[in-house]
Amino acid sequence: MNSNVFIGDTEFFPGIGKVQFEGPESDNPLAFKAYDRNRVVSGKSMDEHLRFAVCYWHSFCASGGDPFGPGTRQYKWADRPDLESRARARLDAAFEFFSKLGVPYWCFHDFDMAWEGVGVADSEKNLQTMVELAKERQAETGTHLLWGTANLFSHPRYMNGAATNPDFAILTRAAAQVKAAIDATVELGGHNYVFWGGREGYACLQNTDTKRELEHLAMFLAKARDYGRSIGFDGTFLIEPKPMEPMYHQYDFDAQTVIGFLREHGLAGDFKLNIEANHATLAGHTFAHDLRMAADAGMLGSIDANRGNPQNGWDTDQFPTDLYDAVHAMLVVLEAGGVAPGGLNFDAKVRRESTDPEDLFLAHIGGMDTFARGLVIAERVLADPRMQELRFGRYSSYDSGNGKRFENGELSLADLRDIAATNGEPRQVSARQELVENIINDHIATGT
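Conventions and cut-offs
Along every chain, residues carry numbers that run from 1 in the direction the sequence is written. Confidence filtering applies because this is a predicted model: local features only for residues at pLDDT of at least 70, side-chain atom pairs given and counted only at 80 or more, and all residues used for totals across whole chains, interfaces and linings. Computation of side-chain values covers all heavy atoms of the structure but excludes hydrogens and water. Strands here mean DSSP runs of E at least two residues long; helices mean DSSP runs of H or I at least four residues long; both are numbered from the N terminus. All radius of gyration figures rest on C-alpha atoms, and the globule criterion is 2.2 Å times the number of residues raised to 0.38. Only protein chains enter the accessibility calculation, which uses a 1.4 Å probe; a residue is then buried when its area is under 20% of its type maximum, exposed when over 50%, and partly exposed in between. What makes two residues a contact is simply this: any of their non-hydrogen atoms within 4.5 Å. The accessible surface values rely on the Shrake-Rupley method and a 1.4 Å probe; as for residues, cover is taken only from the protein chains in view. Residues adjacent in sequence count toward polar contacts only when both atoms are side-chain atoms; beyond that, a polar contact is any pair of N or O atoms within 3.5 Å, and within protein one must be able to donate a hydrogen and the other to accept it. Pairs of strands are assigned from DSSP output, requiring at least two bridges between the strands. In this description, a line fitted to the C-alpha atoms serves as the axis of each element, helices being fitted only across the stretch in contact, and the angle between N-to-C directions of two axes falls anywhere from 0 to 180 degrees. In this analysis, the expected span of each helix is defined as 1.5 Å times one less than the number of residues it contains. Throughout, nonpolar core names a set of buried Ala, Val, Leu, Ile, Met, Phe, Trp, Tyr and Cys residues whose side chains join them through atoms within 4.5 Å. Here, a salt bridge means any side-chain nitrogen of Lys or Arg that lies within 4 Å of a carboxyl oxygen of Asp or Glu. Disulfide assignment relies on a single distance test, namely cysteine sulfur atoms paired within 2.5 Å.

Okay, the overall build of the protein next. Looking only at helices and strands, the protein has 16 helices and 14 strands in total. A globule of 448 residues ought to have a C-alpha radius of gyration of about 22 Å, and the protein, at 24 Å, matches this closely. Taking the principal axes of the C-alpha coordinates as reference, the protein spans close to 85 × 60 × 45 Å. Relative to its 448 residues, the protein shows a buried fraction of 50%. Sequence-distant contacts, at least 24 apart, represent 76% of the contacts inside the protein between residues at least 6 apart. When the accessible area of the protein is evaluated, it comes to approximately 20,800 Å², of which 51% is carbon and sulfur surface.

Laid out in structure tokens, this is it:
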């Protein structure tokens, strides 16, 4: 393979060429076994279905540190003498990686790509500097921006929240960041803009006016939407549900919480949900559950493709390798008609013990293959007539007669009582859950 695929004047991943599809028989760890971007599944290519994106922050900013020790990874782009040269080198490394991996999209937080300055104007100037370079790199590589966002959680000023902060001065700083991040997203042709709640929540109910904070959050989102539309952003605004950390009580706990909030405040027309697998499981749901709730509401916008550690009640952001979860997720995505203009971004980080540059490729290749396999198997499951009967046949009593009249709103509570009295004790009907699970396992075992 040609290893001379790099951006700028430095190769940050030497010895690694363009990752190719080699099929299931390949033993090359730096090749796709299942992700054949042009393979047609349910009428569209894998590329069109999956719309993979690399996340800038975990892949190029995280060094492997944790609460018990410092980072373990040494980056060649981090040894530059000043913040700007480091940021430029990091961006070049990122686009080299995107190009070698062959991923079509990327996404970023403002101060992952740039660096925070002294005051609002200086920070805006720094971000604009990096946007101009990113625009050049996008043109050179053909990589597109899936979404942009602002980091409203890391800086100490946001310890009590950003849009929900009790101090108006801090809310205005958050607004300045969001304005600049929306400007950057539009200039880079971003398809979506994401609000990741971060610290939008509270720790102590007795010192918090929750009603006022939620009203402030709704107003903040509405003003951000209005600004985005005023400068020509016609993409989707996304909210990412997050259950329990860093704040003890997050306002955006899960998909249904966010759906209710958006509807209550008249935001549902412009906003959809960015569902993260690890957040769904921390909320006590499955990944597929939150996807389904968003899809049923017509608000499934995009996906953070990762997983958590089931033994650890924390957001571990591991790369997705669970085929069973991927199949169930893609069942929802296929039935929803896809997630475009959203996609599947890998909000995941290699483990602290994984320290070689090659590990970043291996992690993404594994995640992309996992969802490619999940897509193919999900198509086969949905085509199985037994699955259709087991799911929808259970509701056949609502397809005609009094059941249909109920769905149409034609029966009163008294009418329902009289029907029950006439019918007597209903017969018991098995849900046959074990059969459903066995059929899905059979399709998984058949392979791709």
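Checked against the element boundaries, Ser123 lands in helix H5 (residues 120-141). Within the structure, Ser123 has its side chain in polar contact with the backbone nitrogen of Gly117 (distance 2.9 Å). The contacts of Ser123, once residues within four sequence positions are left out, are Phe111, Glu116 and Gly117.

Turning our eyes to something else, we now look at the sheet that holds strand E14 (residues 344-346). Sheet architecture is closed into a barrel: eight strands sit in the order E5-E6-E7-E8-E10-E12-E13-E14, paired in parallel fashion. Within this sheet the neighbouring strands show an average axis-to-axis angle of 30 degrees, counted without direction. Bridging between strand E7 (residues 144-149) and strand E8 (residues 192-196) involves two bridges; their strand directions are parallel. Counted as the bridge partner of Gly148 is Tyr193 from E8. Strand contacts of helix H6 (residues 168-187): strand E6 (105-109), E7, E8 and strand E10 (236-240), with the helix running at about 150 degrees to E8, the strand carrying the most contacts.

On to H5, then. Between its terminal C-alpha atoms H5 stretches 31 Å, which fits the 32 Å expected from 22 residues at 1.5 Å a residue. Burial in H5 covers these residues: Ser123, Asn126, Leu127, Met130, Val131, Leu133, Ala134, Arg137 and Gln138. Count one or two residues on from H5 and you reach Gly142, which has phi positive near 75 degrees.

Take the nonpolar core next. Ranked by internal contacts, the top residues of the largest apolar core, which has 122 residues, are Leu50, Phe60, Leu101, Trp106, Met113, Phe195 and Phe371. Among the elements that line this core, the one with the most residues is helix H12 (residues 357-383), at 12 residues. Apart from residues lying up to four places away in sequence, Phe60 is in contact with Phe13, Val54, Cys55, Tyr75, Trp77, Arg90, Ala93, Ala94, Phe97, Phe98 and Leu360.

Close approach of charged atoms allows side chains with opposite charge to pair. In total, this model carries 24 salt bridges according to the counting rule given. Between Arg405 and Glu410 there is a salt bridge whose closest N-O contact spans 3.5 Å. Look at Glu410 and you get partly exposed, because its relative accessible area is 46%. By sharing partners, the salt bridges in this structure join Asp92, Glu136, Arg137 and Glu140 into a single network.

Before going further, it helps to spend a moment on the state of the cysteines. Applying the stated criterion to the full structure yields zero disulfides. Free cysteine Cys107: the closest other cysteine sulfur is in Cys55, separated by 3.6 Å.

On to unusual backbone geometry, then. Omega for the bond connecting Ala340 with Pro341 falls within 30 degrees of zero, at 10 degrees, which places this linkage in the cis form. Structurally, Pro341 can be placed in the loop between helix H11 (323-335) and E14. Positive phi is not limited to glycine here, since Asp317 has a value of about 50 degrees. Along the chain, Asp317 falls in the loop between strand E13 (300-304) and H11. Judged by relative accessible area, Asp317 falls into the buried class, the value being 7%. Unlike most non-glycine residues, Arg432 shows phi in positive territory, near 55 degrees. Taking the relative accessible area as the measure of exposure, Arg432 reaches 46% and is therefore partly exposed.

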